[in-house]
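Chain by chain, the residues:
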Amino acid sequence: MRVRGLHYSFAQRAIFTGIDLDIDRGSVTAVMGPSGTGKTTLLRLLTGQLQADRGVIEVEGEDVAKLSRAGIYRMRRRMGMLFQNGALLTDLDVYENVAFPLREHTRLPERLLRHVVLAKLQAVGLRGAYRLMPAELSGGMARRVAMARAIVMDPQLLIYDEPFVGLDPISLGVVLRLIRRLNDTLGLTSIVVSHDVHDLSTVADSCYLLSGGGVIASGPPGTLATDTREDVRQFMHGLPDGPVPFHYPAPEYVEQLRQLR
Amino acid sequence: MRQTRAIELGTGLFVLLGFSALFFLVTQITNREFGFGDGGYRVVASFEQVGGLKPGAPVSMSGVTIGHVQEIEYDFGEYKARVTMRIDNQFDRIPDDSDAGIYTAGLLGGQYIGIGPGGSETFLAEGDQMQFTQSAIVLENLISKFLFSKAAESPDGQPAEESKP
Amino acid sequence: MLASLTREILQSLRVALQALGAYALFFVRLLGEVPRTLLRFGLVVEQVHNAGALSLVIIMLSGLFVGMVLGLQGFDLLERFGSEESLGSAAALGLLKELGPVVTALLFAGRAGTALASELGLMRATDQLAAMEMMAVDPVRRVVVPRFLGGVLSMPLLAAIFSLIGIFGAQLVGVQLMGVDSGQFWSQMRSAVEFGDVMEGVVKSCVFGVSCSLIAVYEGYHAVPTAEGVGRATTRTVVISSVVVLLLDYLLTAAML
């Protein structure tokens, strides 16, 4: 997957001003950045849910912007995506949720379908929970079911949108491990969007750090951690003050105290 | 799977209930007669005045409903209203010299056709025309007639010109 | 002052027109997907169950009470003219032509419409619709159209059930309680009510079914994806549906009289 000179603006606000990404087949790529830099927007652009103003997005050599609606749907069948909270369909149980893409896109006989679904659930360790409804799952379990659903069509690319938000350390460890394992055993390419620097650096092959509408740093996690530039350092080490100021812009403290509101 | 079956059952019940309600409304609440059941036979009668008679109005003998008005049209040959009635088959022994009149049920009720039996030995059959008819009474005509006759009776006034001596 | 007022009026006119246009386009899109959805009838059946079968109890109860009130009020009114026997025809005509379709539509908006809007809004807020998009499944075809069709199919049936139960409710009060002659009640009803009257009610409830379902799925599908947005969508569904039903009722009555 290749991205060149991506520009995108929403409601007259420029969100991306020229982004270049290269994502290698079989790798786990982390996209990091402070809140509000448009990480989720980037994913929507990559998957064709949004149209870029300028620039080229190529997935497997195909220009996403030039694809028709049917073409985008065809492309998405080779992608799996995991949303922040799993986005399981609330009126279907775990089994039916995982079976959903198969039922929509294939005419597999019930026996075969059952084999596939149970195998994918086994891969995420939730084969025993196939009868539960999404409301009965914990956050970590819901995300694992969503992972099973995302890989049920055997995609080549798996995209994770903030997969670690609100997970306890155990679930987080499980999800983290699964990202790596699924990537390696199924021969996938993975993109993980997050701001959890430390967790991500343990699984990612390479990182992109987004800020202010562009990529400010890229490379393997190790080199990013030792980067000396101020803005990179602040993000990677979670420093409270730096190029992103601690204080919201305000007049002089003493000055404001003197004013009667 | 059991859940799906319960949904299908509930839905089926609902649809059945809905359509039977609709069916009941159309067949039982309205005066529309449908082609099924015993079809009955048709009888025609001509009236000077049908008043507010409408298709679907009952046709009765001595208060028993024996059929319904099927069609009302204007006949330019006779300059009269031509009313087609459908009489149920079980009432197949109405003398062919019976008379038909248009009456009102109550002061504000709907109008219906009342049939008074004649004395003939032959009975009405499909397509027959009834000879003796009595038109609907139009209230306004009745009132004006009454007023004119009152005027004619008055002792000191001149008899009205229209009134017969 | 005057200029700003005109500008504001023009502005809100523009917004209203825009909303109307958006509704029309969405409606056309739904219609375009209808044939394909009918091929997967199981999905529609499920929604007929949600919109229709689950509304049955409230519709039947309301129908009974509306009919009983009609019996009571109608009797009181007609007795003044000495024509209590007409109670049957008055109640039946009132229910079939007006109260059946209209009250059913209002109850439908409150029961099934809000359920639809909040369900779709919640699916939007929890990324379920986006997830379907990502699984290359068109959420309009898979989720919205079956719900729309379920509502459209349920409404006339609900209205018929409402009217029928209402007539029995009126009969209950008029004949059993107030002592109107049972034979007169039914025979006057049957001679007064025509096939066209029943059809008028059916046509009305079909139109209401389309508009109420459209409003519910539109508001739900386009809900702002937050908890507040979902709440707003359900409120808007009830308000818009009620106003539209009453407006359309007047137009339809005027057209069919």
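This is a predicted model, so every value here is computed, not measured. (Residues numbered from 1 in each chain as written. Chains lettered and ligands numbered in written order. Predicted model: local features only at pLDDT ≥ 70, side-chain atom pairs only at ≥ 80, totals over all residues. Heavy atoms only, no water.)

**Considerations on helix α1 (residues 2-39) of chain C**
Since the α-helix packs 3.6 residues into each turn, any two residues three or four apart lie on the same face.
Residue and element names in this part refer to chain C.
So, point 1. In a regular helix each residue adds 1.5 Å, so 38 residues correspond to 56 Å; α1 covers 57 Å between its end C-alpha atoms and thus fits that length.
So, point 2. The complete set of buried residues in α1 reads Y23, F26, L30, E33, V34 and T37.
So, point 3. Contact partners of the buried residues in α1: α2 (41-51), α6 (139-177), α8 (195-221) and α9 (227-256). (Helix = DSSP H or I, 4+ residues; strand = E, 2+ residues; numbered from the N terminus. Expected span 1.5 Å × (residues − 1). Buried < 20%, exposed > 50% of the residue type's maximum accessible area, 1.4 Å probe, protein only. Contact = heavy atoms within 4.5 Å.)

**A few points about the pattern of salt bridges**
When the charged atoms of two side chains lie near each other, side chains of opposite charge can form a pair.
So, point 1. If you walk through the whole model with that rule in mind, you get 25 salt bridges over all chains.
So, point 2. A salt bridge links E96(A) to R103(A); the nearest nitrogen and oxygen atoms lie 2.9 Å apart.
So, point 3. Its salt-bridge partner being K204(C), residue E98(C) comes within 2.7 Å of it at the nearest N-O pair. A residue pair is termed long-range when its members are at least 10 positions apart, and E98(C) in helix α4 (residues 87-125) and K204(C) in helix α8 qualify at 106 residues.
So, point 4. A residue is classified by how much of its surface remains accessible, and E98(C), at 26% relative accessible area, is partly exposed.
So, point 5. Accessibility expressed as a relative area gives 0% for K204(C), which makes it buried.
So, point 6. Each of K97(C), E98(C), D197(C), E200(C), K204(C) and D249(C) takes part in salt bridges that share partners, so that together they form one network. (Salt bridge = Lys/Arg side-chain N within 4 Å of Asp/Glu carboxyl O.)

**Observations regarding the packing of helix α3 (residues 56-80) of chain C against α6(C)**
Residue and element names in this part refer to chain C.
So, point 1. Look at α3 against α6: their axes get within 6 Å of each other, and the N-to-C directions meet at 40 degrees. Considering the angle they form, α3 stands oblique to α6. For the pair α3 and α6, the crossing hand works out as right-handed. Contacts between α3 and α6 involve L56, I59, M60, S62, G63, L64, V66, G67, M68, G71 and L72 from the first element and L158, I161, F162, I165, G166, G169, A170, L172 and V173 from the second.
So, point 2. A breakdown of the residues in the contact of α3 with α6 according to their chemical character gives 14 nonpolar, six polar and no charged. (Axes fitted to C-alpha atoms, helices over the stretch in contact; angles between N-to-C directions. Parallel < 35°, antiparallel > 145°, perpendicular 65-115°, else oblique. Left-handed = near helix turned anticlockwise from the far one by under 90°. Nonpolar A, V, L, I, M, F, W, Y, C, P; charged D, E, K, R; others polar.)

**Side note on unusual backbone geometry**
So, point 1. Despite not being glycine, A87(A) shows a phi value in the positive range, around 50 degrees.
So, point 2. Structurally, A87(A) is set in the loop between β7 (79-82) and α3 (94-105).
So, point 3. On the basis of relative accessibility, which here comes to 4%, the residue A87(A) falls in the buried class.
So, point 4. Within the chain, Y79(B) stands out as a residue other than glycine whose phi angle is a positive 55 degrees.
So, point 5. Its place among the elements puts Y79(B) in the loop between β3 (64-75) and β4 (80-87).

**Section: the confidence of the model for chain A**
So, point 1. Looking at chain A, pLDDT values average 83 and 99% of them are 70 or higher.
So, point 2. Here strand β1 (residues 2-10) of chain A is the element of chain A with the lowest mean pLDDT, 75, and helix α4 (residues 110-123) of chain A is the one with the highest, 91. (pLDDT = per-residue confidence, 0-100.)

**Structural notes on the interface of chain C and chain B**
So, point 1. In this assembly, 29 residues from chain C lie in contact with 25 residues from chain B.
So, point 2. Counting each side, the surface lost to burial between chain C and chain B is near 2,300 Å², with a carbon and sulfur contribution of 79%.
So, point 3. When residues of chain C are sorted by the area they lose upon contact with chain B, L157(C), R190(C) and F195(C) head the list and together hold 27% of the total.
So, point 4. The interface formed by chain C and chain B contains zero salt bridges.
So, point 5. Looking at the side of chain C that touches chain B, the elements with two or more residues in it are α2, α4, α6, α7 (182-192) and α8 of chain C. (Buried area = accessible area lost by both parts, 1.4 Å probe.)

**Quick word on the sheet that holds strand β4 (residues 28-32) of chain A**
Remark on secondary structure: sheet strands pair via backbone hydrogen bonds, oriented parallel or antiparallel.
Residues and elements named next belong to chain A.
So, point 1. Spatial strand order, β7-β8-β9-β4-β10-β11: six strands in an open sheet with mixed pairing. Both edges of this open sheet fall to β7 and β11 (214-219), since each of them pairs with a single strand only. Between one strand and the next, the sheet's axes are offset by a mean angle of 15 degrees, whatever the strand orientation.
So, point 2. With four bridges connecting them, β4 and strand β10 (residues 206-211) associate as parallel partners. Residue pairing for β10: M32 is matched across the bridge by L209.
So, point 3. Lying on the sheet, helix α1 (residues 39-46) is in contact with β4, β7, β8 (157-161), β9 (189-194) and β10; it crosses β9 at an angle near 150 degrees. (Pairing = 2+ DSSP bridges.)

**What to know about the side chain of T104(C)**
Residue and element names in this part refer to chain C.
So, point 1. For T104, the position within the fold is in helix α4.
So, point 2. At a separation of 2.5 Å, a polar atom in the side chain of T104 contacts the main-chain carbonyl oxygen of G100.
So, point 3. Filtering out sequence-adjacent residues up to four positions away, T104 remains in contact with I59, L99, M155, L158, A159 and F162. (Polar contact = N/O pair within 3.5 Å; in protein donor to acceptor, adjacent residues only side chain to side chain.)

**Concerning the interface of chain A and chain C**
So, point 1. Listed per partner, the contact involves 20 residues of chain A and 19 residues of chain C.
So, point 2. Inspection of the chain A/chain C interface yields five salt bridges.
So, point 3. Of all the secondary structure elements, the ones that give two or more residues to the side of chain A that touches chain C are α2 (69-76), β7 and α3 of chain A.
So, point 4. No other element matches the four residues that α3(A) contributes to the side of chain A that touches chain C.
So, point 5. Of the residues contributing to the side of chain A that touches chain C, the split by class is nine nonpolar, four polar and seven charged.

**Here we look at the packing of α4(C) against α7(C)**
Residue and element names in this part refer to chain C.
So, point 1. Interhelical geometry of α4 versus α7 gives an angle of 50 degrees and a closest axis separation of 7 Å. Between α4 and α7, the angle is such that the two are oblique. Handedness of the α4/α7 crossing: right-handed. On α7, the residues that touch L87, G88, S89 and A92 of α4 are F185, Q188, M189 and A192.
So, point 2. Tallied by class, residues from the contact of α4 with α7 come to five nonpolar, three polar and no charged.

**Structural notes on the sheet that holds strand β2 (residues 58-61) of chain B**
Residues and elements named next belong to chain B.
So, point 1. Pairing within the open sheet is mixed, and its eight strands lie in the order β7-β1-β4-β3-β2-β6-β5-β8. Only two strands of the sheet have a single partner each, and these edge strands are β7 (128-130) and β8 (132-134). The mean inter-strand angle of the sheet, taken between neighbouring strand axes irrespective of direction, is 30 degrees.
So, point 2. Of the strand pairs in this sheet, strand β5 (residues 99-104) and β8 are connected by three bridges, and their pairing is parallel. The residue of β8 that forms the bridge with A100 is T133.

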